[in-house]
Amino acid sequence: MNKTSLIAFIICVISFSLAAQNAMDINATVQVETKTITIAQTIVYQNESDHVLDTIYLNDWNHSYSTKTTPLAKRFEEEFSTKFHLAKNEQRGYTVITSIKNENQIALDYNRLKDHPDVIQVVLENPLQPGDAYTTQLEYTLLIPDATFTDYGVTKANDFDLKYWYITPAVYNGSWQYYSNKNLDDLFVPKSDVTLHITYPRNYKVTSELDFNATSVDTEQHMQTTVLRGKDRVNTYLSLHKFPSYNFIQTDDFILISDLNEKGLPEPAKAILTDKITRFLTQHLGAYPHKQLLVSSIDYNKNPLYGLNQLPSFFRPFPSDFQYELKLVKTALKKYIDNTLLLNPRKEHWLSEGLQIYYLITYVEENYPEMKLLGTLADVWGIRAFHAADLDFNFQYFLYSMEIARKNRDQPLTTSKDSLTKFNTNIAGKYKAGVGLNYLDQFTDDINLSNIITEFLEQHKLKTVSTKDFETFVSSKTSKDVQWFFTDYIGSRKKIDFKITDIETLDDSLKLTIKNKRDNTMPISLFKMKNDSVIGKLWVENIQGTKTITFPKDSTDKFVLDYDNVIPEYNQRDNYKAVNGSFLNNKPLQFRLFKDIEDPNYNQIFFMPLVEFNNIYDGLTLGTKVYNKTILRKRLNYRFSPQYATKSRALTGSTSIFYTHNIENKNLYDITYGIAAGYQSFASDAFFTRIRPSVSFSFRDDSNFRSNQTDQITARYVSISRELGDDAIVELDEPDYGVFNLRYTHYNPGIINYSKLNTDIQIADKFSKISLNYEFRKLTQGNRNINFRFFAGFFLDNNSDPLSNYFSFALDRPTDYLFDYSYLGRSEDSGIFSQQLITAEGGFKSKLATPFANQWITTANFSTSIWRYIQAYGDAGLVKNKFNNAKFVYDSGIRLNLVEDYFEIYFPIYSNLGWEIGQPNYDQSIRFMFTVDPQVLLGLFRRKWY
């Protein structure tokens, strides 16, 4: 530290101490070559509580990258990402603390918390009295992590994007509010006066929200030092780039710093739009208390505009100025609110996120009221026939929030942010909060809620605040009872679901009965319609069970609940009731081509052309699907799919109808029952008919939605009948049959630790059997994949034909008499399709001399990494057939694990057959696993979101 900096440092420490408020002075030196930052820091921490403090807690979130077992590492694991686990040690970051002293240079005892290694507990030499301030001096070195993990850190170009990089005090408000970094951008710190002295190479430039103070240059060392200052700050972001792309735009309100870009949009247009946005922010959120607001592309990329906005730029259905404008206003809203409304961002995130979406909705309503959900696609021939083309742009917030509710995966908005699933964190939760504030706005028609929120933000600017303060403030401004919003809507998973059950016509009046299908106190809007035009509206409150309202008889021909789609109602399909008329008068039938967003005005039936490939015997199948499934999940789903198979020249297809009960706040969360039937080929000129009624019960940990662990009990009856044509080349070993099947599955599909336990009982006329299957996978700390599978099957009785192995346990290729597996050529015994592997029953890869067991079987399958996706595998087991001794079987080889469970190739090497690799026709011994079902492949994407 040079003499000038030392003097400035001492002056800052003295001034901060005299001010007796939270303050930090940071002297940081950046070493680009080693990706390290050496820091000398002074923290002045004021005890603003009524309690005496013996210890203080410090946030050291740079250290959250230090090992593969930190809460941050576990977060990556929960979201099925191995990028952190597989990274090299030098790519991860950590903090080395040299010393922590008090203002008298006395070393203080400190330690990292066991469950929170990125939180430091410091024991004070003397207790800190209420109202007093305590000064600590720290010296430490940061190794900055790669930016590939969270977008913050060191990029491949050796640029630095730093957030939560230096050590900060935690908040004490009766209890310490510390928690670990989980890539949620939600560090909770008290506002502080910050002075940052940062020394870095001369070919770099610093960008920050802090106010620029001075820069000095050391020509000998080719370094420069910049001094930045800020008052009442909570944001720690700093950019250190060689070629920064930030633009500084001076508006009438404040300077907006941004590197957001939109292809084809010139800089003057950006400046005009920026000025428009800052006026909007100031008008609705109050005057910004700082000179500069920084909006980075990282901020946007971590929380983008989901949906059509994320299509490639050459196919985006929105004008470039609109696209840029919404990117900027959404990101600026979040930064503006986070910098001024000092909420706990992990525990009380719903308010700041709800305000962001609420004002984003307001911005579009004020500036783009005609913008559609599909943008310019809404005017394209063919697309404009869809109901989705009629919907406004802001409808997407209802759509995404209802998407997760219909899946029974929604969570209360008061849930701690780190306990939310990714979809709820990034999309559904904040959308529900924003839509809810708009719902509250419409309901409180005796006040202007937008003005009330602006007043609240002005009064609580840069003050510690809670959501309870917001509730009290809003309640004091309106004469209406808004308790339902904070208890039922925000604080629970209770759904909004009303129905008009009856309209009774009297001589001079109409009696309307509304049913609340859920246990809540939320209000519903009721519209009176005439010739599809609104002639009246009122809010109906406190509907417990049913409520009957009497209206004077007039020209009303229909009543509609929530006609303007303000309320996020779970089921809008029963909101219509004609004063006179039949069921079809309420909602006529509508036939549509292709799946669409449901239109509650109609009973919709959809058609979709089908082109599929199910197996080599039917070849390409052409047909149509008639169904009722829309974009949002329904409880009752039916499907009828007649198809023509071009190779077998037969009419094939399937049909099904299932009903799902969603159960809330219970471990048993789903009961689904129904029946499915299908007809297709199982060999050349050979067909099977399968009828399968079933019921399943699904369980999860209702207290932890982030857990991927599920349990399922399924009972079904599978009826199989087969028929052979004149040209069939297969024979039927067994007559037609039916099997009762009871299954229990325990499933934990972690990407680092995976396990699955399945028990199966089958009862038929000629046999009964029981089996157990257990699978375990682990990615070790040394990045080695270990896979283990155990299978055991036993016949309780077996009276089937002893010359037939149709119902026997299979060692390498199950006969699949229940027709559960997606065999491309299930009856093939030679050729490429006979080499398809489905890991079931014995799970062997080699085709051995004893391929079946009609009494019992036990096998174990093992594989482990050699290099990257190349693994060695080995299988061993015992096979027991009637009247024969148990036979020991084994095989081994090389496994190419390209996409686990979806695309794998097996090369046998040694088995009971000897050295297979040197035997004739070895290419026919190679096995492959391949999945063509797009729904299965989409599961790879969906699993990290739900």
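Because the structure is a prediction, the values reported are computed rather than measured.

Parameters and conventions
- Residues numbered from 1 in each chain as written.
- Predicted model: local features only at pLDDT ≥ 70, side-chain atom pairs only at ≥ 80, totals over all residues.
- Heavy atoms only, no water.
- Helix = DSSP H or I, 4+ residues; strand = E, 2+ residues; numbered from the N terminus.
- Rg over C-alpha atoms; globule rule 2.2 N^0.38 Å.
- Contact = heavy atoms within 4.5 Å.
- Areas by Shrake-Rupley, 256 points an atom, 1.4 Å probe, with all protein chains shown as cover.
- Lys, Arg positive; Asp, Glu negative; His and termini not counted.
- Charge placed at Lys NZ, Arg CZ, Asp CG, Glu CD.
- Buried < 20%, exposed > 50% of the residue type's maximum accessible area, 1.4 Å probe, protein only.
- Salt bridge = Lys/Arg side-chain N within 4 Å of Asp/Glu carboxyl O.
- Polar contact = N/O pair within 3.5 Å; in protein donor to acceptor, adjacent residues only side chain to side chain.
- Core = buried A, V, L, I, M, F, W, Y, C linked by side-chain atoms within 4.5 Å.
- Patch = residues over 30% accessible without salt bridge, like charges linked within 9 Å, V, L, I, M, F, W, Y side chains within 5 Å.
- Phe/Tyr/Trp six-rings, centres within 6.5 Å; stacked < 30°, edge-to-face > 60°.
- Lys NZ or Arg CZ within 6 Å of the ring centre and 35° of its normal.
- pLDDT = per-residue confidence, 0-100.
- Pairing = 2+ DSSP bridges.
- Axes fitted to C-alpha atoms, helices over the stretch in contact; angles between N-to-C directions.
- Left-handed = near helix turned anticlockwise from the far one by under 90°.
- Nonpolar A, V, L, I, M, F, W, Y, C, P; charged D, E, K, R; others polar.

(A) Broad picture of the overall build of the protein chain. Looking only at helices and strands, one finds 13 helices and 49 strands in the protein chain. The globule rule puts the C-alpha radius of gyration for 946 residues at 30 Å, and the 33 Å found for the protein chain is close to it. Expressed as lengths along the three principal axes of its C-alpha atoms, the size of the protein chain is roughly 95 × 90 × 55 Å. For the protein chain, contacts bridging at least 24 residues in sequence account for 63% of all contacts bridging at least 6. For the protein chain, the accessible surface area stands at approximately 41,100 Å², while carbon and sulfur atoms represent 53% of it. Across the protein chain, the 103 positively charged side chains and the 110 negatively charged ones have centroids separated by 2 Å.

(B) Structural context of the side chain of Lys68. Along the chain, the position of Lys68 falls in the loop between strand E3 (53-59) and helix H2 (71-78). Glu90 provides the closest opposite charge to the buried, salt-bridge-free Lys68, at an N-O distance of 11 Å. Polar side-chain contacts of Lys68 include one of 2.4 Å to the backbone oxygen of Gln781. Side chain to side chain, Lys68 and Asn783 meet in a polar contact 3.0 Å long.

(C) Geometry of the nonpolar core. If you look at the biggest cluster of nonpolar residues, it comprises 90 residues, and the most contacted ones within it are Leu281 and Leu526. With sequence-adjacent residues up to four places away left out, Leu526 is seen in contact with Ile500, Leu512, Ile514, Gly536, Lys537, Leu538, Val540, Ile549, Phe551, Phe559, Val560 and Leu561. The next biggest cluster of nonpolar side chains, apart from the first, holds 46 residues, and it includes Ile39, Tyr57, Tyr166 and Trp176.

(D) Representation of a positive patch on the surface in the model. Residues Lys595, Lys629, Arg633 and Arg942 make up a contiguous surface patch of positive charge. Within the secondary structure, Lys629 sits in the loop between strand E32 (620-627) and strand E33 (636-645).

(E) A look at the packing of aromatic side chains. Per the stated rule, a full pass over the model turns up 65 aromatic pairs. A connected cluster of aromatic rings, assembled from ring pairs, spans Trp350, Tyr439, Phe443, Phe456, Phe470, Phe473, Trp484, Phe485, Phe486, Tyr489 and Trp539. Lying over the aromatic face of Tyr747, Lys756 brings its terminal NZ or CZ to 5.4 Å of the ring centre. Stacked on the ring of Tyr754, the Lys or Arg Arg777 has its end atom at 4.1 Å from the ring centre.

(F) Summary view of the pattern of salt bridges. Scanning the entire structure with this criterion turns up 47 salt bridges. With its nearest N and O atoms 3.3 Å apart, the salt bridge here joins Glu262 to Lys327. In this pair, Glu262 sits in the loop between strand E19 (255-258) and helix H3 (267-285) while Lys327 sits in helix H5 (residues 320-340), placing the two residues 65 residues apart along the sequence. By the burial criterion, Glu262 is buried, and Lys327 matches it. Salt-bridge contacts for Asp410 lead to Lys495; the nearest nitrogen and oxygen are separated by 3.0 Å. With Asp410 in the loop between helix H7 (395-406) and helix H8 (422-443) and Lys495 in the loop between helix H11 (483-489) and strand E23 (498-505), this residue pair connects regions lying 85 residues apart in the sequence. On the basis of relative accessible area, Asp410 is assigned to the buried category, the value being 6%. Note on Lys495: relative accessible area 6%, which makes it buried.

(G) A look at the side chain of Lys432. By the secondary structure assignment, Lys432 is in helix H8. The buried charged residue Lys432 lacks any salt bridge partner; its closest oppositely charged side chain belongs to Asp410, at an N-O distance of 5.0 Å. For Lys432, the residues in contact, after removing those within four places along its chain, are Ser401, Leu413, Tyr489 and Ser492.

(H) View of unusual backbone geometry. With a phi angle near 55°, Tyr164 is a residue other than glycine that sits in the positive phi range. Looking at where Tyr164 falls in the secondary structure, it is placed in the loop between strand E9 (160-162) and strand E10 (168-169). A residue is classified by how much of its surface remains accessible, and Tyr164, at 10% relative accessible area, is buried. Not every positive phi belongs to a glycine, and Arg649 is a case in point at roughly 55°. Tracing the backbone shows Arg649 in the loop between E33 and strand E34 (650-662).

(I) Layout of the confidence of the model for the protein chain. On average, residues of the protein chain score 92 in pLDDT, and 96% of them reach the 70 mark or higher. Mean pLDDT across the elements of the protein chain bottoms out in helix H1 (residues 3-19) (44) and peaks in strand E8 (residues 153-154) (98). In this model residues 1-20 is a low-confidence stretch, pLDDT under 50, and it forms 22 contacts with partners more than four residues away in sequence or in other chains.

(J) Main features of the sheet that holds strand E14 (residues 205-208). Here we have 4 strands laid out as an open sheet, ordered E8-E9-E17-E14, and antiparallel in their pairing. The sheet terminates laterally at E8 and E14, the two strands that pair on one side only. Of the pairings in the sheet, the one linking E9 to strand E17 (residues 238-241) comprises 3 bridges and is antiparallel in character. Residue Leu162 lies in a different strand from E17, and its bridge partner there is Leu238.

(K) Summary view of a nonpolar patch on the surface. Together, Phe697, Ile713, Tyr717, Phe740, Leu742, Ile761, Ile763, Ile770, Phe794 and Leu796 give the surface a local cluster of nonpolar side chains, amounting to about 820 Å² of exposed area. Elements represented by at least two residues in the nonpolar patch include exactly strand E37 (710-724), strand E38 (737-749), strand E39 (753-764) and strand E41 (785-798). Relative to the elements of secondary structure, Leu796 occurs in strand E41.

(L) Molecular detail of the sheet that holds strand E13 (residues 192-201). Here we have 7 strands laid out as an open sheet, ordered E4-E7-E2-E1-E13-E16-E15, and mixed in their pairing. Two strands lie at the open edges of the sheet, namely strand E4 (94-102) and strand E15 (211-218), each paired on one side alone. Here the average twist between neighbouring strands, direction ignored, is 15°. As paired elements, strand E1 (residues 23-31) and strand E2 (residues 36-46) share 9 bridges and run antiparallel to each other. Within the sheet, the bridge partner assigned to Ala23 lies in E2 and is Val44.

(M) Structural detail: the packing of H3 against H5. Two numbers describe how H3 lies on H5: the axes approach to 10 Å, and their chain directions differ by 40°. Considering the relative orientation of H3 and H5, their crossing is right-handed. Here Lys270, Leu273, Thr274, Lys276, Ile277, Phe280, Leu281, Thr282 and Leu285 of H3 lie close against H5, whose contacting residues are Asp321, Tyr324, Glu325, Leu328, Val329, Ala332, Leu333, Tyr336 and Ile337. Of the residues that constitute the contact of H3 with H5, the class distribution is 12 nonpolar, 2 polar and 4 charged.

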